[in-house]
Amino acid sequence: MVKTVSAQLQMPIPATAPSGPVGPPAGPAARRRWLPFRDWDWRHFLFYLGVPAGIATYAALNNWTILQISGYQTTLAFYAGHSFIPWWTSAVATYLCMRLLKPWQPPKLLLLALGSFLACLLILPYSSWLTEYFAVGWVSGDPDGHLSSEHIYSEVGFWAFAARATVIWVLVNFAFDRFLGLPRYRYDTPEGAPEASLAGTPAGNAGLAPAAAEPALRFLQRLPATVSADEVIALKAEQHYLKVYLADRSFLTLYRFSDAVAEMDPSAGRQVHRSFWVRSSAIRAIKRDSRKYVVELVNGLAVPISVANRGLIRELARARNIPVHPPL
C-alpha cells in the first residue's frame, strides 16, 4: 500500500521507512486509551487500591463482634468486599454523572455527591448478597445468613450508609486533588484525557495553535496592533488594566482581567494565579523561586503559581514532560 501511494505521488520511499501495515500509532496515547493503568503513577494506585484497602483494614480492626465470630482473615475479606467494589463503583458512577451532566457543568462537590449516591443504589443487591454470604453461622438459627443481613441493614439504614460513604468519597477526592496533585472530575481537566485538555502543542514551541476563523476577542480589539487569540501566551491583571503578553512583545490596555480570561478558550490554558492566565503550550519549565513555584514561559516571563493550582500544574507537567526543578 505504501509503495502504491508512493508511485502515484512519484516520490521515492526512504530507505529507513518502516514496513508493515499502516495504522494508528500504538504510542502512549493508544496505551492510555485501552490500558490506562499502564501510565498510572503511585497516586493512581493509592487512590484505586490503597484507599479502599485502608478503609477495609480500619473497619475490620474496629468491629470486635465479627472478629470474635469469624477471625481476622474472614473479617478483613468481608470488609474488603464492602470496600473495593463500592469504591470502584463510585468512581464509575461519578464519571458517568460527569459525562451526562457536561452541558450544565455542575460543581465538583455536586458531581461527587451524585456519583456516590448512585453507586450506593447500584451496589445494594451486591452488598446484601455479600453480607448474607459471610453472615452464615453468625447467629444461631440463621443457616443462610439472611436474618443477620437484614438485621445489619435495619441497624445501619440506607441513608446513614449513603451519607457516610458520600462524606468519605468527597473528602478523599478533594484531598487527592488539592494535596497530591491528582485532579479528578473537573471539567477543566476532563477525566480520561488530561493530556488532551492541558497539553496543546508540543512543549518548547512558541505556543501558537492553528488560527481559527473567528472574530477577534473584545480585549484584543483594544490593542494598537492586530493580534489573534492564538498569539496570546499570558494575561496579567494590573489593577484596572490588562497586560497582554505575546511571544515577542506585550501590550497594556484598560480592561477587566476576569472578562479577558472568560473570553479565552478554556482548553488553551488556565489561570494559575489570581493575577495571571497562561497558555499551556507556552510553558517552558516550572521552577521554584524562594518558597514559591513559578511557571517559566517561552518568552522568559516567570509567572507565580498559587497553592490551589499546584496540583493541576503538576499534572500538566507530567502530561507534557515539562521539566520541574525541584520536583513538585
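Right, let's walk through the structure included here. Keep in mind that what you see is a predicted model, and the values were worked out from it rather than measured. (Residues numbered from 1 in each chain as written. Predicted model: local features only at pLDDT ≥ 70, side-chain atom pairs only at ≥ 80, totals over all residues. Heavy atoms only, no water.)

## Section: unusual backbone geometry
Within the chain, Q105 stands out as a residue other than glycine whose phi angle is a positive 45 degrees. With respect to the helices and strands, Q105 occurs in the loop between α6 (84-100) and α7 (108-122). (Helix = DSSP H or I, 4+ residues; strand = E, 2+ residues; numbered from the N terminus.)

## A few points about the pairing of strand β1 (residues 234-238)
With 5 bridges joining them, β1 and strand β2 (residues 241-245) adopt antiparallel strand pairing. Its bridge partner lying in β2, K236 is registered against K243. Between the antiparallel neighbours β1 and β2 lie 2 residues, among them Q239 with a positive phi of about 55 degrees. (Pairing = 2+ DSSP bridges.)

## Quick look at the sheet that holds strand β9 (residues 324-325)
Read from one edge of the open sheet, 4 strands run β8-β7-β6-β9, paired in mixed fashion. The sheet is open, and its two edges are formed by β8 (302-304) and β9, each paired on a single side. Relative to β8, strand β7 (residues 292-297) runs antiparallel, the two being bridged by 3 bridges. In the strand pairing of β8, E296 is matched with A302. Contacts between helix α13 (residues 310-320) and the sheet are confined to β6 (283-289), β7 and β9, with β6 contributing the most and set at about 135 degrees to the helix. (Contact = heavy atoms within 4.5 Å. Axes fitted to C-alpha atoms, helices over the stretch in contact; angles between N-to-C directions.)

## Some details on the packing of aromatic side chains
Following the criterion strictly, the structure yields 11 aromatic pairs and no others. Aromatic side chains F84 and W88 sit 5.6 Å apart centroid to centroid with 65 degrees between the ring planes, which places their arrangement in the edge-to-face category. Of this pair, F84 and W88 both sit in helix α6, 4 residues apart, roughly one helical turn. Ring centres 6.2 Å apart and planes at 50 degrees place the aromatic pair W169 and Y185 in the tilted group. Of this pair, W169 sits in helix α10 (residues 158-179) while Y185 is found in the loop between α10 and α11 (194-198), placing the two residues 16 residues apart along the sequence. Across the pair, Y185 and W169 agree in class, each one buried. Taken together, F47, Y48, W87, W169, F176 and Y185 form an aromatic cluster joined through their ring pairs. The aromatic ring of F174 is capped on one face by K108, whose charged end is 5.0 Å from the ring centroid. (Phe/Tyr/Trp six-rings, centres within 6.5 Å; stacked < 30°, edge-to-face > 60°. Buried < 20%, exposed > 50% of the residue type's maximum accessible area, 1.4 Å probe, protein only. Lys NZ or Arg CZ within 6 Å of the ring centre and 35° of its normal.)

From the geometry alone we can't say anything about function, so treat these as descriptive.
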